Every structure is written in C-alpha cells, then in structure tokens.
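The lines below spell out each chain.
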Amino acid sequence: MKIKLTICLLAFLNFYDAQENISYQKPSAEILKLADYERPPSVLMNSKKDWIVFTYRPTYKTLEDLSQQELKLGGLRINPVTNISSTVTYSNNLKIRKINDKNEIQVRNLPANPKITSVSFSPDEKKLAFTNTTGKGVELWVVDMETAAAKKITGDNLNANLGTPYLWYNDSQSLLIRTLPQNRPALINSDKDLPTGPIVSTSDGKVSQNRTYQDLLKNPQDEKNFEVITASEIHNVDLNGNLKKVKDQDMYAGLSFSPDGNYLMAVTIKKPFSYIVPYNRFPLTTTVYDMKGNTVKVVNETPLNEIMPKGFSSVRTGKRNMGWRSDAPAALVYVEALDGGDQSKQADFRDEIFTWEAPFTAAPRSLFKIKQRYEGTQWTNDHYAVISEGWYDTRNTKSFLVDLNNGESKVLEDRNSQDVYNDPGRFNTTKNQYGRYVIDMKGGKAYLIGDGFTKDGQHPFIDEMEVKSLKKKRLYTSNVKNGKEEIIDILNPAKGEILTTQQSSSQYPNYFRKNIKSAKTEEVTHFANPFESIKDVYKEVITYKRNDGVTLTGTLYLPAGYDRKAKKDKLPLLIWAYPTEYKDKNTAGQNTQNPNDFTFPYYGSFVYWTTKGYAVLDDAAFPIIGEGKTEPNDTFIPQLVANAEAAINAVDALGYIDKKKVAVGGHSYGAFMTANLLTHSKLFACGIARSGAYNRTLTPFGFQMEQRNYWDVPEIYNTMSPFMHADQMKTPMLLVHGDADNNPGTFTLQTERYFQALKNLGAPVKMVLLPKESHGYQAKENILHLLWEQDQFLEKCLKK
C-alpha cells in the first residue's frame, strides 16, 4: 500500500518547499534496527500461578488496520462491520505452559489469521476464553488447558461495542454472551440522507463544568445509530455452542454475576441521550435478575448527568460506584454523597458507604462514613474491609481498616498521594470461595508488597502486618545487584515463596520464582533482549537542583563508547519530559527513576538517538508546584523555564554537552511544555511537539489538572497558551499530530491552527499530520516515518 503523507511546513534550514506530498520514509539504519524489532510475548498467569499463557502480537499495527470502517458515537470508536472497538489491539497467537515445564505448547486449532482479544481464565482455571474478530464480526472461542486445543463456541455475531461480550458462569461450563439482535436495523448513512431540520440545543440555566470531549453524538441520526450499535440480546451458551436466551434486546452497558452466581446485575443505557457528554453519563438503569431472567429489583436509576459541580473532588448525586461485594454471596455496595456532590460545600462527612443484601427486601445498611471522597474498598477473607478516601486539592489519601462485625475502624494510611517514599504498598490478595480476589488475611496477619522508592534508590519490600495491632515487620527488602526486582505476588507466605520479575538496563524483564528464606531463585521465562545494539549505552539517573532548591532527576544516556573521562567530544543533548503538578516541594523532589529499568526504546522517547551520537536526558523531572492556596499553574511558565535550565546546567556541569545544541521534546502535555519553552526561553536550538493543545481557550472548562475555568482565571489560560504568544516563537519547531486524535482537549485542530499562526508570523516551523492516527501512534508506516522526520529535523538543527 503506497499512501502519500501530506506535510505542511515553512521552508527553513533548507528543508522543503512550503507544502509538498511525500511518500513514507524510513529512518536511518541505526534507528531502524531498533524500531523494526520483534515484540516478545505478553504473559498472563492464573491465580494459582501454575499456568502461563503467552500472547503474541505484531510489534505495530498497519495503516490497513487503521483504515477500517469506523463510527464515532457517544465517546465510542467502533467498527460498524465487526462490532468491536476500532482501537482494539489484537494478538495473533497463543502458547501455554505449565510453570514447571520448560517448553511452551502451541495452542492447536486456532482460527485462521486470528485476531484475538478479551482473554480470560474460567473460574476453575481449566479453560481459557477469548474472542476472535473475523471480517464480519466477533466470535467466542475456548481453549482446554490440558489438551491445548481451541474450539469455536459461537458464530461471529457477538456485540463487543461496549467491551468484552462474555462472562463466565461460576460452573465454568457455560458463558453469558451479548449478541447482535435478530432483527437489527441497518445503520443510517447521514452523509446520504437529507437533514429533516436543524440541530437545536438548549441550556436550562444551570452552571456546570464539562471538559471538551471527542466523538460525541451530533444529530438525531447519530442517536439512532448509537441505539443500533449498543443494542444486544443476552444468551447463555454452553461449551458445545448451545444457546439459550436470557434477556431480550436492550442497551446493556454492564453485566456482572453475584459472587455466589445466583444473581445477574445489568446496567442499561436509557434516553435522553446527550450531545455534550459521552455515553457513560447518559441515563442508566441498574437491575438485578435471578438466573431465570426474572426481575428481582431495580436497584438504581441514574438520570442524565450533564451538570457537574466544579472540581476534581466533585461527583454526581445519587447512588454511585455500585458493585457486588467480593466477600459476600450476594450483597451490593455503593456510595452516596452527603454534600450534594459539590466539593465547595462544607460538610462533616462527604460520602457514605452502604451495603444492600439480596433479594433487597430490607433497606440498605450504612457501612461507613468518610470525610473525604470515596476511592474504593478492598474486601478480605476475614471480617474486615479496607476503605479508602481522598481529596484532590490537598492530594491526601487515607485508608481505614474497618471491622465489619462492629463498625470500628483504624487508620492504616494517611499521606500525600504523591509521597511515594511513604507508600505502604498494596495488600497481597487471594481468591476466596467465590472466586473473587480479596486481601489475604490468615492467622491474624496480612501482607503488603511495596515498590520501595527511597531517597537512596528503589528497594521493593514485603511487610507482614498484625491485623489487630497494625504493627509491621519487614520480611524482605530487594537488593538485587546491578538490576531491578519487582515483586508480583506472594505465592506462599509461610514458606517464603514469591513471584518476581528481574531486569537490568540491558536484560529484558523476566519472571522468577524466589524463596526469600533460602534466597533460591528459579527463572520462569527466558525472553531475550531485542535491542542488543544499545546494550552498551551508558545509563545513569542524575540528581540536581532547581534554582528554588527543588530536587530534580532525569535518566541520562550517552552513546556506547563515549569517553566520559576525556570528554573531548561535546555532544548535542535531547531532553524529553512531561510536566506534573504537585502541592508541595518535598513530594515534587522525590525520585521514581531506576537506572536498572530495562532500556526500551520506543517512539515516545529520544533514546534511539544515542546511536547517532546524541546525549539524551529522558523523563527529565518537570514539576509544577503550588503550595497552600497557590495553584501550580499560577507560576507555570517560570517553573517550566527553571526546570529546563536546571536540566541543561546539570548535564553541562558533567562536561558532556554543547549547551548551544540542545533540543527539547514531548507528547501531549509535553508538547504543550515544548511550545512554551521555545516561546518563553532561549535555552533550546529546536524542539519537537507532538499531539499537543496550544490554545487553552479551546479547553475553557479545565485542562490537565487545572480545575478552574477560563472565566475564573483568564490571565492564567492566556499566559499558558503558546498560541497567544505565537509572535514570540522564533525557534525551529517540528509539530506532529495524528489526524484522528481522540483525546479530550487535544483536537488535531489545535496543531493546525497553531501552525497557521506561526507560519503567518514567520516562525521556522514544520507540521506533520499522521494519517488515521489518534492520540497515541500505532501504524508501523507512520511511526517509522515519524522517526525519519525527527531524525532529519534534529540532524539539520543540531549537527549541520
């Protein structure tokens, strides 16, 4: 397939004419060797960790994949022919292995040219289900783990437009599936039909704060098509493919069985639809049925949610976060706001958690009240639950150990959510008698697995916690020399058996079984490094200070063979970064980078260019801090420039670089950062900005982590918008955007209008629009061309 790539640019540095058509190009041999690699398989394990499933997929999608038919409705992007998300990533092969065996077994009888997704174990973990997408639709397959044989269960008539179209029954002998209705109407082609009238929207005068969403409904034809694509019938299908209808056609947005398998909860979408919010804010009805399909109780009715109070800690009113309790046979848990959902209102308690036992003849029972906003509940295999709350403005997160027998609670955790140095870790879980994951509490003890970030480096750990006293004992601290260990699971606490991954900068991550008592280690997987050509690249996490004393970090890469002692050759430097908001300097200065992370070059970083003689500072810290009542964005530009200046000075102080040859780059909010740095500083010779938003008046009700709207702080929105200062931008810049961006706020129009402004103002700028790409780039043709564009741009700006 030969497709022309349209490139708009202003001629500078002897690039090209103002606009031309150019065929897809490939980057230089050094970069192509890294970019055109074979992706190792992904790993899926069952709960007992005795079976491993290896899923294989192509390294990239193709333009043909991205050129399939697509409908954009209600926040969805789906293929109307196959009835599955058009953005799904497929696997094309499955292999399995018992963990104690050495060799993988190829799954037999897979479909021809498989497009596999939605892979899951049956409750008894003896079978594996997956969907396969044909040229006409989605079908269900099941693999028998002992024989490694796959079998097709249904035709290609499943409806996966709203997610995975099947659920396992508890007996592992049948599945609940969503199928296309028997008499499904044809979709309306609005391009051919004449309109029957104008589109009219009305405001009822209520104040709201809705972000800018993509792919919304636009007209009555869209509404009818949305009904068509979301409508399903519900069937029971056994392992021989025998079907039995359970529920008639409806717009089923969610289905879930009670833990004991005696009830089915269904969430259905209702009218009226909306043209300003996506489908998950449409009216919803939640109904519980028995296993014969009879209605037990309508447990929730949520109206259209177009009106939301301002703030990230504001929520809608009514029952929310409804789901089955994992520790009970058939009981629901949900939350209701006690402050009207409005974070600006004063309230002693913000949320109340309720539990409601089937068959729902008795009233719901209050379980716990919290003073901040509900974040979730973890159930246990004992009479306890861990309930978490948080508040965005303060970044506080707090969790309680609640005794379900008497309602008494103890504080488990109370910290800044961004304070990684004091993160106590996550509880180790196990499957209970209902096959649901719960916190593993045995003998009055529970276990916590922590990432182990400290000021002295990363040291993952395991803590044993006494449930009654909350006292902790450190059982294990990882100290792998010249490598990094990540603790995945505790297999047997009594015996000290754990599952980990181990990696280094040149060793691809592999799974290991380890005994923390005997220190015996056994390798489980054996994936090779697909990037051998950069195994000798120098890598170091550097720490340095901003002009206000904030500690910053970044991962520095130097070309293989570079003489760090002589430092004769001054290298051009490439900085890749992404700004992050904080509420205090201490958490902003914490380090989460590890020099022993495997070096995985991909299009989202500059690491490729170490093969071309560049120094690279990857993931450079760019904190934006607002302490107390000050918001981070109040001083966004000065902090941005201070971060950049500190990064350049830190690498320059090591004697490696030429300060006159520094480039900066970023994606999304990193692109926004890049445009601002080139506009408001003279630190860089050039920059690369990909898929960004440059005019904040086009995102007037908040962006990134900004809660205030444009009319609250117009000076902040205007100051932060590179578009408003386009006349000041005189540094060479490469603008890149996918021409089908689906990310809220980063419409492709943002880059197009910014380019037009810069071009007309005489700025040295170039724009590349990648066909069919959304916010993240996927097609091999586009990614290789992107790397070529970046390589050409950097060579001309920094070397010639």
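Here, every reference points to the structure presented above.
These notes cover the structure that comes with them. Everything numeric in this text was worked out from a predicted model, so none of it was measured.

### Looking at the overall build of the chain
Link 1 in the chain: A count of helical and extended segments in the chain gives nine helices and 51 strands.
Link 2 in the chain: Against the 2.2 N^0.38 benchmark of 28 Å for 800 residues, the chain shows a C-alpha radius of gyration of 28 Å, consistent with a compact globule.
Link 3 in the chain: By principal-axis analysis of the C-alpha atoms, the chain measures approximately 75 × 75 × 60 Å.
Link 4 in the chain: Residue pairs in contact within the chain that sit at least 24 positions apart in sequence constitute 58% of those at least 6 positions apart.
Link 5 in the chain: Here the chain displays about 34,800 Å² of accessible surface, and carbon together with sulfur accounts for 47% of that area.

### Some words on the packing of aromatic side chains
Link 1 in the chain: Counted under the stated rule, the structure contains 36 aromatic pairs.
Link 2 in the chain: Seen in terms of ring centroids, Tyr334 and Phe354 are 5.3 Å apart; in terms of plane orientation they differ by 20°. Their pairing is stacked. Here Tyr334 is found in strand S23 (residues 331–337), whereas its partner Phe354 is found in strand S24 (residues 351–357), with 20 residues between them in sequence.
Link 3 in the chain: Taking the centre distance of 6.1 Å and the plane angle of 90° together, the rings of Tyr508 and Phe527 count as edge-to-face. Separated by 19 residues along the polypeptide, Tyr508 in the loop between strand S39 (497–503) and strand S40 (510–515) and Phe527 in the loop between strand S41 (521–523) and strand S42 (538–545) bring together distant segments of the chain. Each of the two residues, Tyr508 as well as Phe527, counts as buried.
Link 4 in the chain: Ring pairs connect the aromatic residues Tyr578, Phe636, Tyr669, Phe672, Phe701, Phe703, Tyr710, Trp711 and Tyr717, which therefore count as one cluster.

### So, the nonpolar core
Looking at soluble globular proteins, one finds that nonpolar side chains tend to be buried together.
Link 1 in the chain: Residues Leu617, Met733 and Leu735 are the most contacted members of the largest nonpolar core, which totals 61 residues.
Link 2 in the chain: When residues in this core are grouped by element, the largest group, 10 residues, is from helix H5 (residues 636–653).
Link 3 in the chain: Those residues in contact with Leu617 that sit more than four places away from it in its chain are Ile542, Tyr544, Gly554, Thr555, Leu556, Leu573, Leu574, Ile575, Trp576, Ala647 and Val651.
Link 4 in the chain: One finds Met45, Tyr56, Cys686 and Leu770 within the second-largest nonpolar core, a separate group that totals 45 residues.

### Remarks on the environment of Tyr557
Link 1 in the chain: Residue placement: Tyr557 occurs in strand S43 (residues 551–558).
Link 2 in the chain: Taking the C-alpha atoms as reference points, Tyr557 and Leu617, separated by 60 residues in sequence, lie 6.4 Å from one another.
Link 3 in the chain: If we skip the residues at most four places from it in the chain, Tyr557 touches Val537, Tyr538, Lys539, Thr599, Val607, Thr610, Tyr614, Ala615, Val616 and Asp618.

### What to know about helix H8 (residues 748–760)
Link 1 in the chain: When the terminal C-alpha atoms of H8 are compared, their 19 Å separation across 13 residues agrees well with the 18 Å that a helix rising 1.5 Å per residue should span.
Link 2 in the chain: Thr748, Gln750, Thr751, Tyr754, Phe755, Ala757 and Leu758 are the residues of H8 that are buried.
Link 3 in the chain: Phi for Gly762, located one or two positions after H8, is positive at around 85°.

### Focus: the side chain of Ser86
Link 1 in the chain: Residue placement: Ser86 occurs in the loop between strand S7 (84–85) and strand S8 (93–98).
Link 2 in the chain: Setting aside residues no more than four positions away along its own chain, Ser86 makes contact with Lys61, Gln68, Glu70, Arg77, Ile78 and Asn79.

### As for the sheet that holds strand S37 (residues 472–477)
Link 1 in the chain: As summarised here, the arrangement of the four strands in space is S30-S33-S36-S37, forming an open sheet in which the pairing is antiparallel. Only two strands of the sheet have a single neighbouring strand rather than two, namely strand S30 (426–427) and S37.
Link 2 in the chain: Note: strand S36 (residues 461–466) against S37, five bridges, orientation antiparallel. The residue bridging Phe461 from the neighbouring strand is Thr477, located in S37.

### Description of the sheet that holds strand S17 (residues 243–250)
Adjacent strands of a sheet pair through backbone hydrogen bonds, lying either parallel or antiparallel.
Link 1 in the chain: Spatially, the four strands line up as an open sheet ordered S14-S15-S16-S17, and their pairing is antiparallel. Whereas interior strands pair on both sides, the edge strands pair on one side only; in this sheet they are strand S14 (166–168) and S17. Taken pair by pair, the neighbouring strands of this sheet meet at an average axis angle of 15°, ignoring direction.
Link 2 in the chain: Relative to S17, strand S16 (residues 232–238) is paired through five bridges, and the arrangement is antiparallel.

### Considering the pairing of strand S22 (residues 320–324)
Link 1 in the chain: Judged by how many residues are buried, S22 sits mostly within the fold: four of five residues are covered.
Link 2 in the chain: Two strands pair when backbone bridges link them, and S22 and S23 are joined in this way by three bridges, in the antiparallel orientation. Within S23, the residue paired with Gly323 across the bridge is Val333.

### Some details on the pairing of strand S26 (residues 373–379)
Link 1 in the chain: The element S26 is largely enclosed, with a buried count of five among its seven residues.
Link 2 in the chain: Hairpin connection, S26 to strand S27 (residues 384–391): the antiparallel pair is bridged by four residues.

### Remarks on the packing of H5 against helix H6 (residues 669–680)
Link 1 in the chain: The geometry of H5 relative to H6 is characterised by a closest axis approach of 10 Å and an angle of 85° between their N-to-C directions. If you check the angle between H5 and H6, you find them roughly perpendicular. Contact residues: Phe636, Ile637, Leu640, Val641 and Ala644 in H5; Tyr669, Phe672, Met673, Asn676, Leu677 and His680 in H6.

### Comments concerning the side chain of Lys766
Link 1 in the chain: Looking at the element boundaries, Lys766 is found in strand S51 (residues 765–770).
Link 2 in the chain: Among the polar contacts listed, one links the side chain of Lys766 to the side chain of Glu789, at a separation of 2.6 Å.

### A short note on the state of the cysteines
Link 1 in the chain: Per the counting criterion, the structure on display carries zero disulfides.
Link 2 in the chain: Free cysteine Cys686: the closest other cysteine sulfur is in Cys797, separated by 4.0 Å.

Rules of the game
The written sequence of each chain sets the order in which its residues are numbered from 1. Per-residue local features are limited, in this predicted model, to residues with pLDDT of at least 70; the limit for side-chain atom pairs, both in listing and counting, is 80 or more; totals at the level of whole chains, interfaces and linings are taken over all residues. Processing note: side-chain calculations cover all non-hydrogen atoms of the structure and skip hydrogens and water entirely. Helix numbers and strand numbers start at the N terminus; a helix is a DSSP run of H or I with at least 4 residues, a strand a run of E with at least 2. The atom set for the radius of gyration is the C-alpha atoms, and the globule formula is 2.2 Å times the number of residues raised to the power 0.38. Working rule for contacts: check all heavy atoms of both residues, and any pair within 4.5 Å makes them a contact. Calculation of accessible area relied on Shrake-Rupley with a 1.4 Å probe; when residues are assessed, cover is drawn exclusively from the protein chains displayed. Any pair of Phe, Tyr and Trp rings, taking the six-membered ring for Trp, is counted once the centres come within 6.5 Å. Such a pair is stacked with planes under 30 degrees apart, edge-to-face with planes over 60 apart, and tilted for the rest. For each residue, the accessible area found with a 1.4 Å probe, counting protein chains only, is set against the maximum for its type, and the residue is called buried under 20%, exposed over 50%, and partly exposed in between. Here the nonpolar core consists of buried residues drawn from Ala, Val, Leu, Ile, Met, Phe, Trp, Tyr and Cys, with membership extended through side-chain atoms lying within 4.5 Å. One less than the residue count of a helix, multiplied by 1.5 Å, gives the span that helix is expected to have. Two strands make a pair as long as DSSP finds a minimum of two bridges between them. Every axis corresponds to a line fitted to the C-alpha atoms, with the helix fit spanning only the stretch in contact, and the corresponding angles, defined between N-to-C directions, vary from 0 to 180 degrees. Should an angle fall under 35 degrees it is called roughly parallel, over 145 degrees roughly antiparallel, and 65 to 115 degrees roughly perpendicular, with every other angle called oblique. Residues adjacent in sequence count toward polar contacts only when both atoms are side-chain atoms; beyond that, a polar contact is any pair of N or O atoms within 3.5 Å, and within protein one must be able to donate a hydrogen and the other to accept it. For the purposes of this analysis, a disulfide is any pair of cysteine sulfur atoms at a distance within 2.5 Å.

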